[in-house]
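Listed below, chain by chain, are the residues.
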Amino acid sequence: MKRIIVRSSFVFLVAAFIVMNADAQRSGKKRNQQNNPQNQSQQQSNNNNAQPSGYNPYGNIPIRVDTSGIVDNAAKKSLRSDNAFDKTAIMERTPLPYEHLRWDDALFAEKVWRELDLREKINQVFRYEAQDDNGSQIFIDMLLKAVNSGEITAFSDDRFSTPMALDEISQLTVGSADTVAKTAVDDPSKIIEYVVTKASFDPKSVVKIRIKEEWVFDREASRLYVRILGIAPLKTLFLPNGQERGTSAMFWVYYPDLRPMLAKYEVYNPKNMGMGRMTWEELFESRMFSSYIVKSTLDNPGNKNIRVYVKDPILALIEGDNVRERIFNYEQDLWSY
């Protein structure tokens, strides 16, 4: 019995010695980490990374945001009636709903992509520089206002599958902010402040608009319908020597979502004799614009633009006219006289 008690006491002493040794090693590591200058500098750098709000990375040099180049496109309403007649009803206009087209009645359906050159005389209304109670009357400004206000959604593709954030739209139109150091007049090596500038977007730089539409022949009504599906402003790309390289779609908007907004904007009428002022929704539905076809699904298994397989620009325009003529002739050939 005594032998068992002695063995148990010995085992207990050994276990207590191991536990005490482990505690001593842990406390020694903690003291070494606290006294190690490398760990102190690392801890200080971690504390520096978590900077409070309002932290200035340039030290005591002031930072100023220059907003002189940014154009204010906010709508400024007139405090008095700016017309000799009452125009309040225009803000209550709503577009007429489309007639329902059944899939079984669509005997013929082809999608067409066309471009509008806003520099053409008939398309000058898209660049009418004026201010109204609902803001700028330039068409691209109307699109950007509707997108930035959240009234419509901008998409990155013409299938409307990928919505774009407002930051992406801002990068395409204005660009990122640029910080420039401003030096003293008497001492160019001395920086007195940093100026944050942001380029302003010129809506007149958009000279082309792309439209996606579909032509459908309804055999029930024996009529050829055309429905605009999307609109995209095009950004012009240039080579380093300044030569125009091509165009790229900035974003796409779904036209049926845009119709309620377009019904509240009037189109500039340079003649204004008897016709009065129409809305932008009426202009698109009446197709009172000049355009040329750049792509279609008619005999195009590769889904390519016309300029990809027709290199000559004149022949590409002729090929676009051929597509339009074939769609027109399809409808005419269904009739017998």
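Just so you know, the residues in each chain are numbered from 1, in the order the chain's sequence is written. pLDDT decides what is reported in this predicted model: residues at 70 or higher carry local features, side-chain atom pairs at 80 or more are listed and counted, and totals for whole chains, interfaces and linings draw on all residues regardless. By convention in this description, side-chain values take in all heavy atoms of the structure and omit both hydrogens and water.

1. Things to note about the packing of aromatic side chains
Here's step 1: Two aromatic rings from Phe, Tyr or Trp, using only the six-membered ring of Trp, form a pair when their centres are within 6.5 Å; if the ring planes differ by under 30 degrees the pair is stacked, by over 60 it is edge-to-face, and anything between is tilted. Enumeration according to the criterion identifies 12 aromatic pairs in this entry.
Here's step 2: Relative to Phe284, the ring of Tyr255 lies with its centre 5.9 Å away and its plane at 65°, an arrangement referred to as edge-to-face. Of the two residues, Tyr255 is situated in helix H5 (residues 255-262) and Phe284 in helix H6 (residues 280-286); the sequence distance between them amounts to 29 residues. Like Tyr255, the residue Phe284 is buried in the burial classification.
Here's step 3: Between Phe284 and Phe289, the ring centres sit 5.9 Å apart and the planes meet at 55°, which makes this aromatic pair tilted. Note on accessibility: Phe284 and Phe289 belong to one class, buried. What counts as a helix is a DSSP run of H or I of at least four residues, what counts as a strand is a run of E of at least two, and both are numbered from the N terminus. For every residue, the accessible area (1.4 Å probe, protein chains only) is compared with the maximum for its type, and the residue is labelled buried under 20%, exposed over 50%, or partly exposed between those bounds.

2. Side note on the layout of surface pockets
Here's step 1: Site definitions follow a grid-based scheme: protein atoms alone, a 1 Å grid, a 1.4 Å probe that fits but cannot get out for cavities, and for pockets an open set with protein on both sides within 12 Å along at least five of seven lines, plus lining residues having an atom within 4 Å of a point. Grid points are joined across faces, edges and corners, and a volume is the space filled by probe spheres set on the points. Here the largest pocket is characterised by a volume of approximately 710 Å³.
Here's step 2: What lines the largest pocket is a set of 29 residues, and nearest its centre among them are Ile90, Met91, Asp132, Asp133 and Asn134.
Here's step 3: Elements that contribute at least two residues to the lining of the largest pocket include exactly strand E3 (131-132) and helix H3 (139-148).
Here's step 4: At three residues, the largest contribution of residues to the lining of the largest pocket is made by H3.
Here's step 5: Classifying every residue of the lining of the largest pocket gives nine nonpolar, eight polar and 12 charged. Side-chain classes are defined by residue name, with Ala, Val, Leu, Ile, Met, Phe, Trp, Tyr, Cys and Pro counting as nonpolar, Asp, Glu, Lys and Arg as charged, and the others, Gly among them, as polar.

3. With respect to the environment of Lys76
Here's step 1: Its location among the elements puts Lys76 in the loop between strand E1 (63-66) and strand E2 (106-117).
Here's step 2: Its relative accessible area of 63% is what places Lys76 among the exposed residues.
Here's step 3: Between the C-alpha atom of Lys76 and that of Asp132, which follows or precedes it by 56 residues, the distance is 7.7 Å.
Here's step 4: In what follows, residue pairs with any heavy atoms lying within 4.5 Å of each other are defined as contacts. Excluding its chain neighbours within four sequence positions, the residues that come into contact with Lys76 are Asp132 and Asp133.

4. Here we look at the packing of H3 against helix H4 (residues 166-173)
Here's step 1: Under this scheme, a helix contributes an axis fitted over its contacting stretch, all axes are lines through C-alpha atoms, and angles between N-to-C directions fall in the 0 to 180 degree range. Running from amino to carboxyl end, H3 crosses H4 at an angle of 155°, the nearest separation of the two axes being 10 Å. Classified by the angle their axes make, H3 and H4 are roughly antiparallel. Every pair of crossing elements has a handedness; the one defined by H3 and H4 is left-handed. Along the contact surface, H3 presents Leu144, Val147 and Asn148, while H4 presents Leu166, Ile169 and Thr173.
Here's step 2: Here the residues of the contact of H3 with H4 sort into four nonpolar, two polar and no charged. Our angle categories are set so that under 35 degrees counts as roughly parallel, over 145 as roughly antiparallel, 65 to 115 as roughly perpendicular, and the remainder as oblique. Helix crossings fall into two classes, left-handed where the near helix is turned counterclockwise from the far one by less than a right angle and right-handed where it is turned clockwise.

5. Overview of unusual backbone geometry
Here's step 1: Its identity as a non-glycine residue notwithstanding, Ser222 has a phi of 50°, on the positive side.
Here's step 2: Relative to the helices and strands, Ser222 is located in the loop between strand E8 (208-218) and strand E9 (223-238).

6. Remarks on the pairing of E8
Here's step 1: For E8, a buried count of 11 out of 11 residues is recorded, marking the element as mostly surrounded by other parts of the structure.
Here's step 2: Both faces of E8 are covered, namely the face carrying Lys208, Arg210, Lys212, Glu214, Val216 and Asp218 and the face carrying Ile209, Ile211, Glu213, Trp215 and Phe217.
Here's step 3: Strand pairing requires that DSSP identify at least two bridges connecting the strands. Note: E8 against E9, 11 bridges, orientation antiparallel. When the sheet's bridge partners are listed, Val216 is paired in E9 with Tyr225.
Here's step 4: Hairpin connection between E8 and E9: a loop of four residues separates the two successive antiparallel strands, and Ser222 in this loop has a positive phi of roughly 50°.

7. With respect to the nonpolar core
Here's step 1: Side-chain atoms within 4.5 Å link the members of a nonpolar core, which is a set of buried Ala, Val, Leu, Ile, Met, Phe, Trp, Tyr and Cys residues. Core analysis: the biggest nonpolar cluster contains 36 residues, and Phe126, Phe139, Ile231, Phe251, Trp280, Leu283 and Phe284 have the highest contact counts within it.
Here's step 2: At the level of secondary structure, the elements contributing two or more residues to this core comprise H3, E8, E9, H5 and H6.
Here's step 3: In terms of residues, this core owes the most to one element, H3, which gives seven residues.
Here's step 4: Discounting chain neighbours no more than four positions away, the residues touching Ile231 are Phe139, Leu143, Ile209, Arg210, Ile211, Phe251, Trp252, Val253, Tyr255, Leu258 and Phe284.
Here's step 5: The next biggest cluster of nonpolar side chains, apart from the first, holds 12 residues, and it includes Trp215, Ile306, Ala316 and Ile327.

8. Observations regarding the side chain of Asn123
Here's step 1: For Asn123, the location among the structural elements is in the loop between E2 and E3.
Here's step 2: Judged by its relative accessible area of 0%, Asn123 falls in the buried class.

9. Some details on empty space enclosed by the protein
Here's step 1: Applying the stated criterion across every chain yields a total of two cavities of 30 Å³ or more.
Here's step 2: Taken as a whole, the largest cavity spans an internal volume of roughly 50 Å³.
Here's step 3: Along the lines of polarity and charge, the residues of the lining of the largest cavity split into eight nonpolar, no polar and two charged.
Here's step 4: Within this model, the second largest cavity holds a volume of roughly 40 Å³.
Here's step 5: Of all the secondary-structure elements, those providing two or more residues to the lining of the second largest cavity are strand E12 (292-296), helix H7 (306-309) and helix H8 (313-333).
Here's step 6: Ranked by the residues each element gives to the lining of the second largest cavity, the list is headed by E12, at three residues.
Here's step 7: Tallied by class, the residues present in the lining of the second largest cavity amount to six nonpolar, no polar and one charged.

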